[in-house]
Amino acid sequence: MIRVLDSFIADKIAAGEVIERPVSVVKELIENSIDAGADSLIIEIRNGGKSYIRVTDDGSGIPSEETETAFLRHATSKLASVSDLDNITSLGFRGEALASISAVSRLTIVTRTEKETSGTKLILHGGRIFSREAVGTNIGTTIIIEELFYNTPARRKFMGTDAREAAAVIDLVQQYAIRYSNIRFSLLNNGTSIFNTDGGGDTLSAIKRAYPNKEYANLIPVAGKGIQGFISDPGTTQSTRRGQLFFVNGRLVHSEDINKGIEKGYGDRIFQGFPIAILFIDIEPDTIDVNIHPGKKEIKFLNQKEIITLVADAIASVMNTEEAVPTVKSLHLSQYQESINQDITVPVDIREYLQGLNRDNQMDLSDTYSATGEDIEVYKKPSLNYKPSFNTNTEPLVNQSISTSTFNFDELILKGYIFDTYIIMQAKDTIYLIDQHAAHERIFYENFIKNFKKSEQLPQPILKPFTLWVSADVYNIDRDWIYTLTKMGYDISDFGVNSFIVRGIPAYMTKEEAERFVSAYLDTLNEITDIDNRIVIDKLILKSCKSAVKANDKLSELEIKELVESLSRCENPFSCPHGRPTFFKVTKYEIEQSFRRR
Ligand code: ADP
Ligand code: MG
C-alpha cells in the first residue's frame, strides 16, 4: 500500500540527509548564527556533541511570533522567491536545518530580538513543540540540542567515539573561525575551553591559532581579483589535502576545480604531496550553484575554466618570490608523513571572555523537560517578512601589509662550493644552497623544450659518429621514434644487428649530453606502448633529461657562475622538472635559532 508519510516521519527521513553527526548540527547552527549577523559565538559540546550541543550567538534573534515557524520544513527568512535561488548570499537557504535537527533530538531555543523586551523559550521533542514560555534573556539566540538521534537508533549507531566526533567539531569550528576572523568564537568541550578567537579580524592570527603546527609558520599571502588567501611554499606539503581550505562567498566548500587551480598554480614546484592553501574566493552569487549537496559542502562553478585560472594565477604569481623558496626547515617538516594529529587543545583562560558575554549566566536550560506542556503542533505558513541582517563582510581578509618580494638572482653572492655538488650563495640575511645537478637538469630541460618546440632542428654533425646498441625488442619495434629524435635534431640511422649510428646531434646539446639523452631514451622505449600519447612522451623526455645531466662533476668557479646565470634565465629556476628544489634557503634567523641564540 502506498502511503503518504506523516510529516514527522518525513522530517526524520529528511534529517538523515542534512544531519549525519554532531558536526553537521554544529555546522548548520553556526551558519544560522553567521547569517543572523552575530559578532560572537559560543559553541559548547559534551560527549563529542552526542549528548549536548549548544550554540549561543548575539545575532538578530527570532521574533517571538515566528519562533515556531523557524522549525517548519522549508521555512526560511532568506529566500522569498525562486529567483532568489540564483543569488544566494546567505549560508542557509533551504529552511531545512532547524526542522531536520529538531526532528531527531530534544531541542531548546531561547531567542530575543532587539525590539522585544523579553525572549522566547521553546522546547521541541522530536520536532513536536513541548513547551513555550517567555524568558528574560539577551538579544540573540541560543539553541541547545540534547540526545541527538534519541528517536532514530539506527542513526545513533553510526556516530563515532566521543573523541572522534569532538575532533570533527573542533576542526569545523576552527575553519569557520578562520574565515570569520571578525567574529569571536569560543569552543568548549566537556566543560573545558578548547580554543577561542578574539574577533579582531586578523585572518592570519586566526589561522595560526587554529593550526599551531610549524607548517603554518611561514605562509605566503596571495591575492587576485576576487581571491585572497594564504599558501605554503612548495616545499611544505602534507600527504593529504587537509591543509587546503576553500571558502567561496563565505561558505566552506570542496571543489575539484579549486584543487586543479592549486595544482596548476604550483606547477612543477611540487615534488610530493599537497601544499597548504587557505583560499577565500568571492564571486558573483549567480555564477555558482550552491544547491547541489545536502550538506551544502560542494558547489558548482558555472565557469569552471575561469575559476581554475583565477586560483592558478593567484598562486603562480607568488611562486617567483623569496618567500616561496623552500627553507631547510620546511623541507624537513614535509617528511611526507601524515602530520601527527595536531595538538588541538589550546587551553586558554576564557573566563574573562565569558564574563564579557554574561548573557549565558542568566540562563540555566538544563532540566527543562520536567516543564508542563502538551505537544502542540504548529502548522503556520512560513512568514517571510522578517529578514536577518546578513554578514556581508567584504573587508580584505588578508592583511595587505604582509608583503612578498620577487626573488632576485642579481643579489646572490657566491660564497662557496661543497661536496663537488652544492653551491653556496648569499643574499642579505639568507644563505642559498643550490644543487648543481638539479639546476643543470632544469636548464637542460627548458633548453630542450624551447628548441623542441621550434620547427625541425638541423643536426650538428659530429666528427666521430657513435653507435648505440639496443636490445632486440627495441630494435624491432615500430621506428616512429626515429622521427621524434630527428625532429629534435638527431641524425640517427639503422646500423644493422641491434644497433643504430648517430652522425649528428641537436645543436643545443653537448656531445655527452646528446649521447646520454639518446641512450636513456632508447632504454625506456620498450616500456612505452603508446608512443603517440603526449603524457607518455613527456615522461620519457623528462626521464631522458635527467639522465643527460651528470652529478658530481666538479665545476670551476667560472662554470658555477655560468650555471647560476643560466638558471636565472629559466622560466622556473626554483625546481627541477620533477619538482625537486634546485635550491633551498637557510635564514640567519634559523641559524641563530639552531645555536639557541633566539
Ligand atoms: P535556513 O538557514 O536555510 O533559512 P534554518 O532551518 O537553518 O533554515 O533556519 C530557519 C530560519 O530560522 C532562518 O531562515 C532564520 O530566519 C531563523 N534562524 C535560525 N537560526 C537563527 C539564529 N541563530 N538567529 C536568528 N535567526 C535564526
Ligand atoms: Mg540554516
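The sections below set out a description of the structure shown in this document. These figures come from a predicted structure and were not determined experimentally.

1. Some thoughts on a nonpolar patch on the surface
Now for step 1: Residues I418, F419 and Y422 make up a contiguous nonpolar surface patch of roughly 310 Å² in combined accessible area.
Now for step 2: The topology assignment puts I418 in strand β18 (residues 413-418).
Now for step 3: Since its relative accessible area comes to 32%, I418 is described here as partly exposed.

2. Some details on a negative patch on the surface
Now for step 1: Taken together, D86, E284, D286 and D289 make up a surface patch of like negative charges.
Now for step 2: On the secondary structure map, D289 appears in strand β16 (residues 288-289).

3. Focus on the site of ligand 1
Now for step 1: Residues in contact with ligand 1 amount to 21 residues; listed here are only the nearest, N32, T76, S77, K78 and G95.
Now for step 2: The separation between an oxygen atom of ligand 1 and a polar main-chain atom of L98 is 2.9 Å.
Now for step 3: Protein coverage of the free-state accessible area of ligand 1, which is 530 Å², stands at 96%.
Now for step 4: Elements with a minimum of two residues in the shell around ligand 1: α2 (22-35) and α3 (97-103).
Now for step 5: The residue inventory of the shell around ligand 1, partitioned by class, reads eight nonpolar, nine polar and four charged.

4. Overview of the sheet that holds strand β12 (residues 244-248)
Now for step 1: Strand order in this open sheet of five strands is β9-β10-β15-β12-β13, and the pairing throughout is mixed. Sheet topology places β9 (220-224) and β13 (251-253) at the edges, where each strand pairs with a single neighbour. Put simply, the sheet's adjacent strands are angled 20° from each other on average, direction ignored.
Now for step 2: Sheet strands touched by helix α7 (residues 256-266): β10 (227-231), β12 and β15 (277-281). Its angle to β12, the strand with the most contacts, is close to 120°.

5. Comments concerning the pairing of strand β2 (residues 52-57)
Now for step 1: Within β2, six of the six residues are buried, which leaves the element mostly enclosed by the surrounding structure.
Now for step 2: The side-chain alternation of β2 yields two buried faces, one formed by Y52, R54 and T56 and the other by I53, V55 and D57.
Now for step 3: Note that strand β1 (residues 40-46) and β2 share six bridges and pair antiparallel. Across the sheet, the residue bridging to R46 is Y52, located in β2.
Now for step 4: In sequence, β1 turns back onto β2 through a hairpin of five residues, with N47 there showing a positive phi of about 50°.
Now for step 5: Two strands pair when backbone bridges link them, and β2 and strand β6 (residues 140-146) are joined in this way by six bridges, in the antiparallel orientation. Residue V55 lies in a different strand from β6, and its bridge partner there is I143.

Reading guide: rules and limits
Residues numbered from 1 in each chain as written. Chains lettered and ligands numbered in written order. Predicted model: local features only at pLDDT ≥ 70, side-chain atom pairs only at ≥ 80, totals over all residues. Heavy atoms only, no water. Patch = residues over 30% accessible without salt bridge, like charges linked within 9 Å, V, L, I, M, F, W, Y side chains within 5 Å. Areas by Shrake-Rupley, 256 points an atom, 1.4 Å probe, with all protein chains shown as cover. Salt bridge = Lys/Arg side-chain N within 4 Å of Asp/Glu carboxyl O. Helix = DSSP H or I, 4+ residues; strand = E, 2+ residues; numbered from the N terminus. Buried < 20%, exposed > 50% of the residue type's maximum accessible area, 1.4 Å probe, protein only. Lys, Arg positive; Asp, Glu negative; His and termini not counted. Charge placed at Lys NZ, Arg CZ, Asp CG, Glu CD. Near = heavy atom within 4 Å. Polar contact = N/O pair within 3.5 Å; in protein donor to acceptor, adjacent residues only side chain to side chain. Nonpolar A, V, L, I, M, F, W, Y, C, P; charged D, E, K, R; others polar. Pairing = 2+ DSSP bridges. Axes fitted to C-alpha atoms, helices over the stretch in contact; angles between N-to-C directions. Contact = heavy atoms within 4.5 Å.

Purely spatial values, then, with no claim about function.
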